[in-house]
Amino acid sequence: MPLASDPIRALHSLLRSTLRITVTDGRIFLGAFVGTDKPMNILLTETEEFRLGPGENPNGRFVGQVMIPWKMITKIEAQESVVQTRNQLDRDVRAGYIM
Amino acid sequence: MYNPSVMDALAMDVDYDIPGGDDFQDVTALFAKANAAMDPEEMVMMEGFSLQDAMSALEIGEPRLDTGMSTGRQRPFNPLTPLLPEELCWIMDRSMAYEMEWHSSNQLAHTVYTLLYIHHLQEIDPDMLPYAYLLVKDPNRPLELITIVLRAWVCGLLKCCDRVWRKLSKSELNDTEDWQPDKCEISLSEGWPTKAAIARLADVPSQWREALTVRLRFRLYLLQLIENDVHDNSSQFRELVHEAQRHLSTIRSYPTFEPTEDSPAHATFDPYIARRLNTFMPVRVVQLPTREETWAKLENWLDGLEELTRLAEITDVATWDIVGNLRNTLPTPTLRPGFAGFHDYFVSLNRFPSSWLVDRFFLETIGEGRYNHIYVANGSIHPAGVDTFVKEVLQWHIIYDMLHISTMEYLNTDTDTSDLSHRDLTLLLLTPCVPLYYRYSCMRDVILSGFQLELYSENEKDFAYWYIAKIIEGQLELLDRFVDFQAGSQDSETYQEMFFQRIFLTALQIMCEAMFLLLVRSNKSRSQPWSQMRQNLMRRYKWAFSENYEDYATPPVGNPPDLRRYLIEMGKVMDDNWNSASEAFSMAKSILSGLIESESAKANGCVGGWARDWKGERLKILDILAETCENLAKLKRKSKERKLIWDPTKSLWFPLVEKYEE
C-alpha cells in the first residue's frame, strides 16, 4: 500500500479529507482532518458525533472542532475514494507523470 | 405476559447504518506508523491552521468539556416497552415537575427534554408500529397505554411548552437570564396546531383508570389556558382556571406511587440527555422538587392566572402597577409564565386609545387629567413609552423632561393664561411632577430590591439606606402637593392612595434613616478607604451616575446621589449623641400600626386606595415592617453588641436582630 511507505507524507495527503473515528465509549466522529502531533492527538473540524443503538439520534449532533486523544481511539477510517485518489497521485508523482 | 427480554430483542433487532456510509478504509495502522516516524516536536497541520486554532478544539474524553461522554448511568431505553398505568402516572407527574423547573428558568435540555419519549414520538405512533409488537400481549400493560395515552400526554406537554415559549419570547423577560429559550434543535411541535393537541388529549378513551384520565384532562386545561388570552374572554378563562384547579386537587388527593427499582419507567427519563442534543451547554442534573412542591408551584401558577382574571375586570393602571409591585415584594414563589401573562396584560393597554391611558395615568395620581391633552396633542407621551414604565428610571426622566419643557413653553409663550384659575395653573405645574413621582418610586424599588437580592456588602448598606431616605424625601414633597391639590375629594381612590403613600413612605423613611444611624455608629472603623468606596458606589449605582442624562435639557432630580452630603451627614451622625435609632424604629412602628389599626377599625382606613382587592397583601407588608421595627427597636445603644442579620426570607429590606441562644 503506497500510502504506508512514508506514513508522514501519507498523513499530509489525508489532510482536509473526512475521517471517521470510533472512540472507546462507542461514539463515532465524522469530521475534516486538520492536523495531528507526535502523540497522535487528532484534530477534526466541522465534526458530527454519532451513537448507534436503540434510542439514539441517527442524525448525530454537531460538535464543531474537536481533539481526539490517541488513548480514546479504537479505529480511524478515511474515505476510500480519497485514499485511492491520493495513492494514484502519489504513484503518478513518483513515476514522473506529474511534476 | 410481558417479557422484557423479548421487547429488548425486538428493539435490538435493527440494523443501524454506519454514519458516513461504506466508502471508508481503515487507516489506524497508518497513524500508528506515523507516530513512530514523527519527531517529538513535529506536527502535521493543514495549511492556514495554526496551533492557536487547535487550542480552541474541544477535547474528547475530558469530562468537563466533552458533554457527549458516556456516563454509563443510563439504562437502555426502548420507547415501546409496555408500562403499568401507575408507572404512567409516575412519568406524567415527573414530567410536570420538570416542566415547572423549566418555568423556574432552567434549561429545556436539563428538564423537559429528559423525558425520552419526546425524542421518540414517531416510534410510539400507533399507525407506525412494527408488526412484531402487535403480537406481544400483556393484559396489565396494554401497548395502547404508550401509543395512545402517553403519546397524547407528551404531545400536550410539548404544545404547552411551545405556547409558553412563544409568550415568554414576546415578553420583556430577558432570555438566558429570566428564562432559557435554547431548544437544542428539538421540535416543540411548533408547526402542529394547538387544536390538534387538544383533540388528541380529549380523544383518549375514558376506560383508563381515573388517575390517568384526570392527568390528561389537567394537561388539556393547561394547554387551553396557555392558548387563550385572559382579555379575549375572561369568563371562559376563569372557567378554565377553576377546572384546572379542580383537577389539580384531584391529582393531589390520589395516593402517590413509586415504581419499583427494576421498573422500566426509570429508563424513560435521562437527566444526561443534553450530551446527545445540539447544545454547547454543559450537562447539569436538575434536582427535582418533591411531588408536593411541584403541585404547590402549579397551584401558585393557577392562582396567578386567577388573579389575572380579576385584574382583567379592572381598568385602573395604578392597581395593575400595585399588584405587579406586590408580586415582586412579597416572598411568594413566582413562575415565569405568570409574569409573562401579567406583561401581556400590560401590553393590552395598547387596546385603549392613548388619550385614555394618559388620562387614567394622571387621574389616578393627581385626581385630574384635564390639561394632559396639551401633551398628547403634541405627541409628547407615546403609549409605547408608558408601556415600559415599570422599571425604567431613565424613561421616566425622558417623559418628565418632555412635560417640563412643554409646560414651561406653554407658560412662557404668548398663550393667554389669564382665564386660567389658580387651580388650573396649579394643575398645569403639577403635571410634570407625576412622572417624577413614579421615577422616584422606580429608584427606590431598584435600591430596595438590592437587599432582597443580597447584593450589598457590609460597607455599602448604610449608603443604600441613606440614599433611599433621600429619594423618599423628594417623593414626600411631591405627595404633599398631590394631597393638597385633592383636598376637596377625600373620598376618591386617588386621594386615599396618595394619603396612604404619604404615611407609609414617612414610616419607611424613618426606618431608613434609623438604619443609617445604626450602621454608621456601629461601623466606625470602616474597612475600606473612601476613595475605594466612592469607586464602588459609582459602579453599584451606575444607573444614577449615567451620562445618558446629559442628552436631555432638564437635569435629573434625585440622581446622581450627593456624595458630599452623605459624608457630611455621616460625620454628623457620629458626633450626635441625642438621636436614637431605637426611638426612631418605635416611632415608625407606631405609624405603621396606626395604618393597620385604622383599617381594621374601618374608620378613615386608606390602605385600600388603588390596591382594591389586594389590600390584604398590602396589610401583610405593613405587618412585616411593623414587626421589623419592633425587633430593631430592642437594640439599645449601650446594650451588649448584637449582630444584625439580613435574611430576605425572614424580613423585608431590613435586618433582624440575632437571637441569643437561651
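Residues numbered from 1 in each chain as written. Chains lettered and ligands numbered in written order. Predicted model: local features only at pLDDT ≥ 70, side-chain atom pairs only at ≥ 80, totals over all residues. Heavy atoms only, no water.

1. Some thoughts on the overall build of chain A
Note the threshold: Only DSSP runs of H or I reaching four residues or more are called helices, and only runs of E reaching two or more are called strands; each is numbered from the N terminus. Computed with a 1.4 Å probe, the accessible areas rest on the Shrake-Rupley method; for each residue, only the protein chains presented here act as cover.
Broken down by element type, chain A carries three helices and five strands. Counting helices and strands in the order they occur from the N terminus, chain A gives α-α-β-β-β-β-β-α. Only carbon and sulfur atoms are counted for the fraction: they give 53% of the accessible area of chain A, which is about 4500 Å².

2. A few points about the overall build of chain B
This is how the line gets drawn: Accessibility here uses a 1.4 Å probe with only protein chains present; expressed as a share of the type maximum, an area under 20% marks a residue as buried, one over 50% as exposed, and anything in between as partly exposed. Note on contacts: a residue pair qualifies if any of its non-hydrogen atoms lie within 4.5 Å across the two residues.
A tally of regular secondary structure across chain B gives 24 helices and five strands. Within the span of chain B, comprising 662 residues, buried residues form 50% of the whole. Put simply, of all contacts in chain B between residues at least 6 apart along the chain, 79% involve residues at least 24 apart.

3. So, the interface of chain A and chain B
Let me state the cut-off plainly: Note on terms: buried area is the combined drop in 1.4 Å-probe accessible area of two parts once they are placed together, counting the loss on both. Should a side-chain nitrogen of Lys or Arg be within 4 Å of a carboxyl oxygen of Asp or Glu, the pair is scored as a salt bridge. Think of a polar contact as two N or O atoms within 3.5 Å of one another; within protein, one of them needs to be a possible hydrogen donor and the other a possible acceptor, and neighboring residues in sequence only count if both atoms come from side chains.
Contact with chain A, which involves 58 residues of that partner, is made by 55 residues of chain B. Here chain A meets chain B over a buried area of about 4900 Å², counting both sides, of which 65% is carbon and sulfur. Put simply, chain A and chain B have one salt bridge between them. Of the charged contacts, one joins D66(B) and R27(A) as a salt bridge, the two residues approaching to 2.7 Å between their closest N and O atoms. Here chain A is connected to chain B by 17 residue pairs in polar contact (both at pLDDT 80 or more). Taken together, the elements giving at least two residues each to the side of chain A that touches chain B come down to α1 (2-5), α2 (7-14), β1 (18-23), β2 (28-37), β3 (42-50), β4 (61-68), β5 (73-79) and α3 (80-95) of chain A.

4. Focus on the pairing of β1(A)
Taken residue by residue, a regular strand's side chains alternate between the two faces of the sheet. Residue and element names in this part refer to chain A. Definition in use: Two strands pair if DSSP finds at least two bridges between them.
Among the six residues of β1, five are classified as buried, and the element is accordingly described as predominantly covered. Looking at chain direction, β1 and β2 are connected through five bridges and run antiparallel. Counted as the bridge partner of T18 is A32 from β2. Between the end of β1 and the start of β2, which pair antiparallel, lie four residues, with G26 showing a positive phi angle near 95°. As paired elements, β1 and β5 share five bridges and run antiparallel to each other. Counterpart to I21 in the pairing with β5 is I76.

5. Describing the nonpolar core
Residues and elements named next belong to chain B. This is how it is decided: We call a set of buried Ala, Val, Leu, Ile, Met, Phe, Trp, Tyr and Cys residues a nonpolar core when their side-chain atoms join them within 4.5 Å.
If you look at the biggest cluster of nonpolar residues, it comprises 95 residues, and the most contacted ones within it are M515, F585, L625 and F654. In terms of residue count, the dominant contributor to this core is helix α20 (residues 493-522) (17 residues). Contacts of L625, omitting those with residues within four sequence positions, involve F504, L508, M511, L592, L652, W653 and F654. Membership of the second largest hydrophobic core comes to 74 residues, among which are W90, L225, V230 and I273.

6. Thoughts on the pattern of salt bridges
For the coordinates displayed, the defined rule picks out 29 salt bridges over all chains. Between K75(A) and E77(A) there is a salt bridge, with its nearest N and O atoms 3.8 Å apart. Residue class for K75(A) comes out partly exposed when judged on its relative accessible area of 34%. Linking E569(B) and K470(B) is a salt bridge whose minimum nitrogen-to-oxygen distance equals 3.4 Å. Pair noted here: E569(B) is in helix α22 (residues 563-575) and K470(B) is in helix α19 (residues 458-485), with a separation of 99 residues, a long-range link. A residue is classified by how much of its surface remains accessible, and E569(B), at 19% relative accessible area, is buried. Exposure remark for K470(B): the relative accessible area of 19% places this residue in the buried category. Residues joined in a network through salt bridges with shared partners are D25(A), R27(A), E49(A), R51(A), R61(A) and D66(B).

7. Observations regarding α19(B)
Note the following rule: The span expected for a helix works out to 1.5 Å for each residue beyond the first.
With 28 residues, α19(B) extends 42 Å from end C-alpha to end C-alpha; this agrees with the ideal 40 Å at 1.5 Å per step. When you tally the buried positions in α19(B), you get 22 out of 28 residues, the bulk of the element.

8. Some details on the environment of Q236(B)
Within the fold, Q236(B) resides in helix α9 (residues 234-253). Classification of Q236(B) by relative accessible area gives partly exposed; the value is 40%.

9. Quick word on the confidence of the model for chain B
All names here are of chain B. Keep this limit in mind: For every residue, the predictor states its confidence as a pLDDT score lying anywhere from 0 to 100.
Averaged over chain B, the pLDDT score is 78; the fraction of residues at 70 or greater is 82%. Low pLDDT, under 50, characterises residues 333-347; the predicted model gives this stretch 51 contacts beyond four residues in sequence or across chains. Contacts from residues 370-390, a stretch scored under 50 in pLDDT, to residues over four places away or in other chains number 45 contacts.

10. Focus on the pairing of β5(A)
Alignment of β5(A) against strand β1 (residues 24-26) of chain B, held across three bridges, turns out to be antiparallel. Looking at β1(B), one finds that Q79(A) is bridged to F24(B).

11. Some details on the packing of helix α8 (residues 210-227) of chain B against α9(B)
Residue and element names in this part refer to chain B. Put simply, the rule reads: To define axes, lines are fitted to C-alpha atoms, for helices over the stretch in contact only, and angles between the resulting N-to-C directions are given on a 0 to 180 degree scale. The cut-offs work like this: below 35 degrees is roughly parallel, past 145 is roughly antiparallel, 65 to 115 is roughly perpendicular, and the gaps in between are oblique. The sense of a crossing depends on the near helix, which, turned anticlockwise from the far helix by less than a right angle, makes the crossing left-handed and, turned clockwise, makes it right-handed. Classification used: nonpolar for Ala, Val, Leu, Ile, Met, Phe, Trp, Tyr, Cys and Pro, charged for Asp, Glu, Lys and Arg, polar for all others including Gly.
Put simply, α8 and α9 touch, their axes get as near as 9 Å, and they point 150° apart. Viewed along their axes, α8 and α9 adopt a mutual orientation that is roughly antiparallel. Helix-helix and strand crossings are classified by hand; for α8 and α9 the assignment is left-handed. Contacts between α8 and α9 involve V214, R215, R217, F218, Y221, Q224 and L225 on the former and, on the latter, F237, L240, V241, E243, A244, H247, L248, T250 and I251. Along the lines of polarity and charge, the residues of the contact of α8 with α9 split into 10 nonpolar, three polar and three charged.

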